[in-house]
Amino acid sequence: MANNVSLNVKCTHCNHSLMDYKKLLNGKPSIKVNAENEKAEKGFLWLCSTYGCYEKECDIELKEASRLMVFCTSCGEKLNTDVHCKTCDARMIKFNIEIGGVVSICDRIGCENHYVMIDDLTNTLRKFHREYGV
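In this text the structure is predicted, and so the values were computed from the model without any measurement.

A. Broad picture of the overall build of the protein. Each helix and strand counted, the protein has one helix and 10 strands in total. Reading the helices (α) and strands (β) of the protein from amino to carboxyl end gives β-β-β-β-β-β-β-β-β-β-α. For the protein, buried positions account for 40% of its 134 residues. For the protein, contacts bridging at least 24 residues in sequence account for 45% of all contacts bridging at least 6. Counting only carbon and sulfur atoms, one obtains 48% of the accessible surface of the protein, whose full area is about 7600 Å².

B. Region of interest: the nonpolar core. Ranked by internal contacts, the top residues of the largest apolar core, which has 21 residues, are V9, L18, I31, V33, L79 and F95. Where this core is concerned, the elements lending two or more residues are β3 (28-36), β4 (42-47) and β8 (91-97). In this structure, F95 is in contact with V9, K10, T12, L18, I31, V33, L47, L79, G101, V102, V103 and I105, ignoring residues within four places of it in sequence. Core analysis: the second largest hydrophobic core is formed by five residues, C85, A90, M92 and C111 among them.

C. Summary view of the packing of aromatic side chains. Within this structure, the stated rule accounts for one aromatic pair. Plain terms: the ring middles of F44 and W46 are 5.9 Å apart, the flat faces sit at 45° to each other, and that makes the pair tilted. You can call F44 partly exposed: its relative accessible area is 31%. Over the ring of W46 we find K23, and its NZ or CZ is 4.9 Å from the ring centre.

Basis of the calculations
Residues numbered from 1 in each chain as written. Predicted model: local features only at pLDDT ≥ 70, side-chain atom pairs only at ≥ 80, totals over all residues. Heavy atoms only, no water. Helix = DSSP H or I, 4+ residues; strand = E, 2+ residues; numbered from the N terminus. Buried < 20%, exposed > 50% of the residue type's maximum accessible area, 1.4 Å probe, protein only. Contact = heavy atoms within 4.5 Å. Areas by Shrake-Rupley, 256 points an atom, 1.4 Å probe, with all protein chains shown as cover. Core = buried A, V, L, I, M, F, W, Y, C linked by side-chain atoms within 4.5 Å. Phe/Tyr/Trp six-rings, centres within 6.5 Å; stacked < 30°, edge-to-face > 60°. Lys NZ or Arg CZ within 6 Å of the ring centre and 35° of its normal.

Listed below in structure tokens is the structure:
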């Protein structure tokens, strides 16, 4: 995955960066959020920031096919949305991308459905080229 893009994301509510530069996954800074599993256990979840990578670490139990509530580490607002996953009908979790747009992932453990939406393609591509030199 060395050629894949690492996305820096922020909270959709307070715009605070969710990047954890101390905890690396796939050699890149991870996305750190507060999480709550179906047993109401609370802890931290680190997600791989490389687009298409499904690596994650959590300090609470993550049972395959269970659902997860995800919250901003700064403002505490829920990041799960009312948008349903087209693969498994769970809810999508949404993050703002620092260079523009949003990335959404499914809140069901094991579902790999995700997508990126770009608001202003021209401006975002310009930022992307500056950031990644592509």
